[in-house]
Amino acid sequence: MNVGCVILACTLLVGASVGSKAVQPLKAPCRPGFSQNFYTVIVPRDVLHGQSILKDTTLSSERVKFEDCQRSREVGFISNDPNFSVRPDGTVYAEQEVANLSEPVQFMVTARGLHDPHIWETTVKLALAGHPHPLALTKVGFEDMLSRVWESQPRVIKFARKHQRSSSVNGLRRQKRDWVIPPINVPENSRGPFPHMLVRIRSDQDKDVGIRYSITGAGADQPPSGIYNIDPISGNMFVTQPLDREERASFHLRAHAVDMNGNQVENPIDLYIYVIDMNDNRPEFQNQVYNGSVAEGSKPGSSVMQVTATDSDDSTTANGMVRYRILSQTPHSPIPNMFTINSETGDIVTVAAGLDREKVSQYTIIVQATDMEGNLNFGLSNTATALISITDINDNPPELTVRTFSGEVPENKVNVVVTNLTVVDRDQPHSPNWNAVYRIVSGDPSGHFTIRTNPITNEGMLTVVKPVDFEMNRAFMLTVVVSNQAHLASGIQSSLQSTAGVTISVQDVNEPPVFPVNPKMIRFEEGVPAGTTLTVFAAQDPDHFIHQIVRYSKLSDPANWLKINRTNGQITTMALLDRESMYVKNNVYEATFLAFDNGKSGSPQASGTGTLQIYLIDVNDNAPVLVPREAQVCERARPNSRINITASDADADPNVGPFVFELPSFPASVRRNWTISRLSGDYAQLRLRIPYLEASVYEIPVIVSDSGNPPLSNRSLIRIKVCPCDDSGDCSATGAVAAAGLGTGAIIAILICIIILLSMVLLFVVWMKRREKERQAKPLLIDPEDDVRDNILKYDEEGGGEEDQDYDLSQLQQPESLDHIINKPAGVRRVDERPVIAESQYPVRPSLPHPGDIGDFIIDGLRAADNDPTAPPYDSLLVFDYEGSGSTAGSVSSLNSISSGDQDYDYLNDWGPRFKKLADLYGGGDDD
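As the structure is a prediction and not an experimental result, all values here were calculated from the model. Along each chain, numbering runs from 1 in the same order as the chain's sequence is written. In view of the model being predicted, local features appear only for residues whose pLDDT reaches at least 70, and side-chain atom pairs are presented and counted only at 80 or more, with totals across whole chains, interfaces and linings using the full set of residues. Each side-chain value is worked out from all heavy atoms of the structure, with water and hydrogens disregarded.

1. A look at the overall build of the protein chain
Formally: Secondary structure follows DSSP: runs of H or I at least 4 residues long count as helices, runs of E at least 2 residues long count as strands, and numbering of each begins at the N terminus. Each residue is assigned to one of three classes by its accessible area relative to the maximum for its type, calculated with a 1.4 Å probe on protein chains only: buried under 20%, partly exposed between the two thresholds, exposed over 50%. For this analysis, residues touch if any pair of their heavy atoms sits within 4.5 Å. For the area figures, the Shrake-Rupley method with a 1.4 Å probe applies, and any residue is considered shielded solely by the protein chains shown.
Looking only at helices and strands, the protein chain features eight helices and 50 strands. Here the protein chain holds 928 residues, and 36% of them are scored as buried. Considering only intrachain contacts with a sequence separation of at least 6, the fraction spanning at least 24 residues in the protein chain is 67%. For the protein chain, the exposed area adds up to about 55000 Å²; of that, 52% sits on carbon and sulfur atoms.

In structure tokens, the structure reads:
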């Protein structure tokens, strides 16, 4: 039996007894080398030429990928199989013609840089697409095949013999191998025992000299080291532990032979070890739960979803070939087998009709994946759950719950819901297949109603959007059709219950009176006298079926010019109508009136408003007014010393300009000194007639007439200031004052006032000087020698004068403790030793004392200090400066402040010279 059968038998035997194992690759940083340590290349059958493969034929589109990490290195590939190799682009090809590829072929590829000492290795396995696999074997057969795998290995591998032949040109020699060393196949997950002998390495020269054997490479002396070793004397090569093809699929070792001195005896030989795959990994689904969907009503064969399971074993063998099947379906409605699965691809499709979301909205499918091409006896299995949701289609038309709906609506109301149309739809709620759309197909030609859909309940809200009139229509008969937002599915017909009738009754209400013309415009000339009848502004009651009386009142009359007859609505004037009034806008005066009925039984009064607009036609009732009212000219006539005048008139055309300007004949000085010349219809020019006019302010009368019929005239005064001018024709400052109307008398009066004011100021100064002299002339009440007025003294303080202004009043109070004094640094204040006796009680001063009790407080404190033996030894309230550290005198704390009574003071003589005077006074010593 060939080697392929042996390999497959080992795979089936070991796979049946080994549990599943997941291999999860770890993402590593980029490093140069092959992207995989094992490549499986499937050779399509169309590359075969008969049963053979021609030379240089590319075997597959799959490539061997080498990652150089963008170093752009030149790498060459070397194969250990003379029949197959790899091109620089990674494609696998036949180096020479191959007779057949009926069994998988495995070879090792070495990558070596042209200018780089590093080498990289990987294993490539070629398998013909769809090649047949042997039938399953019994367990006895597997054990037999397993033993034959080990027996089929080459028992002895000899170093190649060398032949020397000379070149015809330069005598160079080359070596030629007698045979190709076959690869060593080792099954993964072998149970041992270990170490297990693989082959024996032998040199033909071991009879002549002592040989020592060694192996090098990954798996021997390089990581992962220790997997293979060799007996240096016998050359027996062993595998020391079980192998895992999913971790490493092949090993490339080199065998060495040296003499006892370490000299190389044979050239190293390459050993290629292939790890034979066993079925030791279960299929693993990419997801434990898959979610798919299919529309209800789908035809058999409709695609639903795809599930995918992967197997870490060799996919070119049965160990890695996964097959799928459905274990169960829940629920079993309408039949237990509504779906099927493609055993090779994992595609789930429908096999029967009858999917109905309204009956079953979701199916739960348990899918099993089994390797060994689905062989349940030898394959490993795993399961996953597929949840298939049945999506909704619009296969259920909406149906109204009743055939006739009814409602009531009051007239003249809008946005009122008349009735709710209820509907039933079995499709998925809140989807386009369920959402209802209502239409009024008849009975409402004027568009009084519309139907809005309630998005929550799907009910149709029949709403009034245009007021209805009871006097016009007392009832409506509507026909309503309901449908969905989405069109019905193909082959589904509308239901007869999708159409219904709606009866609407209109309720009569008391409507307010209505003015037929509103607003109403009338035209009258202004100046209409009071009591004039303007018009009749009457309203009509729309309630034709009820007789009611309409009354009127005035609602708005800004100028209070009008009144309305309460019964018939007649409008008359109460005052003169004036177009120029502030209440008239654009010749129109507006007034608003109210019309109200007397109500009907059970209903309040209803009222309506109407606006009357009076267009006032202008009459010439306003005389023109001169503009401007003030101006100034130079006292001497100049070409540019002229005043442009015009007029304003409150009337409108044609009762305004052109205007006529003229000077009156009285007084005569006006026409003698001034003249007016016409510029245009609305403008004239006033200027001096004489060459010189004294600077002053003049009021010149001007008569202005408009163009009305008859015209109106007005005598207006213009105030003109005549002043001296500079060279540019402008009034000078002096001239402006003179022209301001201040005559000579006024100027003299102002000067007199200024003189009087200055005189009063001078008299006040003289009086103050005299008073000062009298005060200085008074005799002093004290001797001049004792006069201290020239000294700058500060009184009302008890300190040390000018040199002692920084004092501490807190020293006047008895402190609660002496800690703040004792803790002061040296050189600040001397503190004597206190006697250890009970302390006396001192008076407590209030926190906010009155200035009047400070004296009493000091006297009380002094009296308490005199009677306190624990008080400091100073008898006054003065605060002394620091007088130096240290003293030759002892403590005087035991002295009593009161000098009465018998006491021996002789010890004062021992205190030093500073107390000499005190010792003489109290101790009775001799006076020096």
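2. Overview of unusual backbone geometry
Of note, the amide linkage connecting Gly192 to Pro193 takes the cis form, showing an omega dihedral of 5 degrees. Turning to its location among the elements, Pro193 is positioned in the loop between strand S11 (184–187) and strand S12 (196–202). Pro195 follows Phe194 through a cis peptide bond whose omega is -5 degrees. Tracing the sequence through the fold places Pro195 in the loop between S11 and S12. Positive phi is not limited to glycine here, since Glu373 has a value of about 60 degrees. Positionally, Glu373 belongs in the loop between strand S25 (362–370) and strand S26 (381–391).

3. Thoughts on the pattern of salt bridges
Rules: Salt bridges are identified by distance alone: a Lys or Arg side-chain nitrogen within 4 Å of an Asp or Glu carboxyl oxygen.
Using the criterion set out here, one finds 14 salt bridges in the structure. A salt bridge links Glu699 to Arg719; the shortest N-O distance between them is 3.7 Å. Here the residue Glu699 occupies a position in strand S49 (residues 696–705), and Arg719 occupies one in strand S50 (residues 713–723), the gap between them amounting to 20 residues. According to the relative accessible area criterion, Arg719 is partly exposed, its value standing at 29%.

4. Thoughts on the sheet that holds S49
So the rule is basically this: Two strands pair if DSSP finds at least two bridges between them. Each axis is a line fitted through C-alpha atoms, and for a helix only the stretch in contact is used; angles between axes span 0 to 180 degrees, taken between their N-to-C directions.
The strand order S44-S50-S49-S46 describes an open sheet built from four strands, whose pairing is mixed. Edge positions in the open sheet fall to strand S44 (630–634) and strand S46 (660–662), since each of these has one partner strand only. Along the sheet, successive strands turn relative to each other by an average axial angle of 35 degrees, direction set aside. Where S46 and S49 come together, three bridges link them in antiparallel fashion. Looking at S49, one finds that Val660 is bridged to Ser705.

5. Quick notes on the pairing of strand S41 (residues 588–596)
The buried fraction of S41 is high, at seven of nine residues. Relative to strand S42 (residues 607–617), S41 runs antiparallel, the two being bridged by nine bridges. Along S42, the bridge assignment pairs Thr592 with Thr611.

6. Overview of the confidence of the model for the protein chain
Short version of the rule: pLDDT expresses, on a scale from 0 to 100, how confident the predictor is about each individual residue.
Per-residue pLDDT for the protein chain averages 78, and the proportion of residues at 70 or more is 77%. Within the model, pLDDT remains below 50 along residues 132–143, and this stretch shows 19 contacts once partners closer than five positions in the same chain are excluded. Between residues 163–179, whose pLDDT stays under 50, and residues either more than four places distant or in other chains, the model counts 17 contacts.

7. Observations regarding a nonpolar patch on the surface
Spelled out, the test is: Only residues whose relative accessible area exceeds 30% and that form no salt bridge enter a patch; like-charged residues are grouped when within 9 Å of one another, and nonpolar side chains (Val, Leu, Ile, Met, Phe, Trp, Tyr) when within 5 Å.
A contiguous nonpolar patch, built from Leu757, Val761, Phe764, Val765, Trp767 and Met768 and spanning about 610 Å² of accessible area, is present on the exposed surface. One can find Val765 in helix H5 (residues 744–777).

8. Quick word on a positive patch on the surface
Applied cut-off: Positive residues here are Lys and Arg, negative ones are Asp and Glu, while His and the chain termini are left out of the count. Lysine's charge is taken at NZ, arginine's at CZ, aspartate's at CG and glutamate's at CD.
Together, Arg642, Arg671, Arg687 and Arg689 make up a region of like positive charge exposed at the surface. Relative to the assigned elements, Arg689 resides in the loop between strand S48 (683–688) and S49.

9. What to know about the environment of Pro104
With respect to the helices, strands and loops of the structure, Pro104 is situated in the loop between strand S7 (91–94) and strand S8 (105–113). For Pro104, a relative accessible area of 30% gives the class partly exposed. Sequence separation between Pro104 and Val43 is 61 residues, and the spatial gap between their C-alpha atoms is 9.9 Å.

10. Some remarks on the side chain of His448
The condition is simple: Any N or O atom pair separated by 3.5 Å or less is treated as a polar contact, with the protein-specific requirement of one donor-capable and one acceptor-capable atom, and with residues adjacent in sequence counted only for side-chain atom pairs.
Looking at the element boundaries, His448 is found in the loop between strand S31 (436–442) and strand S32 (449–453). There is a polar contact of 3.2 Å between the side chain of His448 and the backbone oxygen of Lys466. Among residues more than four places away in sequence, those in contact with His448 are Thr463, Val464, Val465, Lys466, Pro467, Val468 and Phe476.

11. A few points about the state of the cysteines
Here, disulfide denotes a covalent bond that connects the sulfur atoms of two cysteines. How we decide: Pairs of cysteine sulfur atoms within 2.5 Å are what we label disulfides.
Scanning the entire structure with this criterion turns up one disulfide. The partner cysteine of Cys634 in its disulfide is Cys725, sulfur to sulfur 1.9 Å. Linking Cys634 and Cys725, the disulfide has an S-S dihedral of approximately -105 degrees and is accordingly described as left-handed. With Cys634 in strand S44 and Cys725 in the loop between S50 and helix H4 (733–739), this pair connects stretches of sequence that are 91 residues apart. Using a relative accessible area of 19% as the deciding quantity, one classes Cys725 as buried.

12. Description of the nonpolar core
Operational definition: By convention a nonpolar core is built from buried Ala, Val, Leu, Ile, Met, Phe, Trp, Tyr and Cys residues, the set being connected through side-chain atoms within 4.5 Å.
Counting residues in each nonpolar core, the largest one holds 29 residues, and the members touching the most others are Phe34, Phe77, Phe84, Val92, Phe107, Val124 and Leu126. Broken down by secondary-structure element, the contributors of at least two residues to this core are strand S2 (38–43), strand S5 (75–79), strand S6 (84–86), S7, S8, strand S9 (119–128) and strand S17 (264–276). Examining the composition of this core, we find that five residues originate from one element, S8, more than from any other. Once residues within four sequence positions are removed from consideration, Phe84 is found in contact with Leu59, Ser79, Tyr93, Ala94, Glu95, Val98, Leu101, Val105, Phe107 and Leu126.

13. A closer look at the packing of aromatic side chains
Spelled out, the test is: Two aromatic rings, drawn from Phe, Tyr or Trp (for Trp, its six-membered ring), form a pair once their centres lie within 6.5 Å of each other, and the interplanar angle then sorts them: stacked below 30 degrees, edge-to-face above 60, tilted otherwise. For a lysine, the NZ atom is tested; for an arginine, the CZ atom; a charge sits over a ring if that atom is within 6 Å of the ring centre and within 35 degrees of the ring normal.
With the rule as written, the count across this model stands at 17 aromatic pairs. Pairing Phe66 with Trp120 gives two aromatic rings, centres 5.2 Å apart and planes at 70 degrees, and the pair type is edge-to-face. Here the residue Phe66 occupies a position in strand S4 (residues 66–67), and Trp120 occupies one in strand S9, the gap between them amounting to 54 residues. Each member of the pair Phe66 and Trp120 is classed as buried. Taken together, a centroid distance of 6.4 Å and an interplanar angle of 50 degrees make the contact between Phe285 and Tyr324 tilted. Of this pair, Phe285 sits in strand S18 (residues 284–285) while Tyr324 is found in strand S22 (residues 323–330), placing the two residues 39 residues apart along the sequence. Given the relative accessible area of 11%, Phe285 is considered buried. The structure contains a cluster of three or more aromatic residues connected by ring pairs, namely Phe34, Phe66, Phe77 and Trp120. Geometry around Phe38 places Arg245 over its ring, the cationic atom sitting 5.2 Å from the centre.

14. Side note on the environment of Gln613
When you line up the elements, Gln613 lands in strand S42. Look at Gln613 and you get buried, because its relative accessible area is 17%. The residues touching Gln613, leaving out its near neighbours within four places in the chain, are Pro519, Lys520, Met521, Ile522, Val588, Tyr589 and Glu590.

15. Side note on the pairing of S5
Residues Val75, Phe77 and Ser79 line the buried face of S5, whereas the alternating positions Gly76 and Ile78 sit on a face that is not buried. Across five bridges, the pairing between S5 and S8 is antiparallel. Within S8, the residue paired with Ser79 across the bridge is Val109.

16. Observations regarding the sheet that holds S31
Strand order across the open sheet formed by four strands is S28-S35-S34-S31, with mixed pairing between neighbours. Edge positions in the sheet fall to strand S28 (404–410) and S31, since each of these pairs with one other strand and no more. With strand direction ignored, the average angle separating the axes of adjacent strands in the sheet is 30 degrees. Pairing analysis gives seven bridges linking strand S34 (residues 475–484) to strand S35 (residues 499–507), with the strands arranged antiparallel. Within the sheet, the bridge partner assigned to Phe476 lies in S35 and is Ile504.

17. Looking at the side chain of Arg579
Inspection of the secondary structure assignment puts Arg579 in the loop between strand S40 (570–573) and S41. For Arg579, a relative accessible area of 12% translates into the label buried. In terms of polar contacts, Arg579 uses its side chain to reach the side chain of Asn587, at 2.7 Å. Those residues in contact with Arg579 that lie beyond four places of it in its chain are Glu526, Val584, Asn587, Leu616, Asp618, Ala650, Asp651 and Ala652.

18. What to know about the environment of Ile348
For Ile348, the location among the structural elements is in strand S24 (residues 347–350). Judged by relative accessible area, Ile348 falls into the buried class, the value being 0%. Separated by 40 residues in sequence, Ile348 and Ile388 place their C-alpha atoms 9.9 Å apart.

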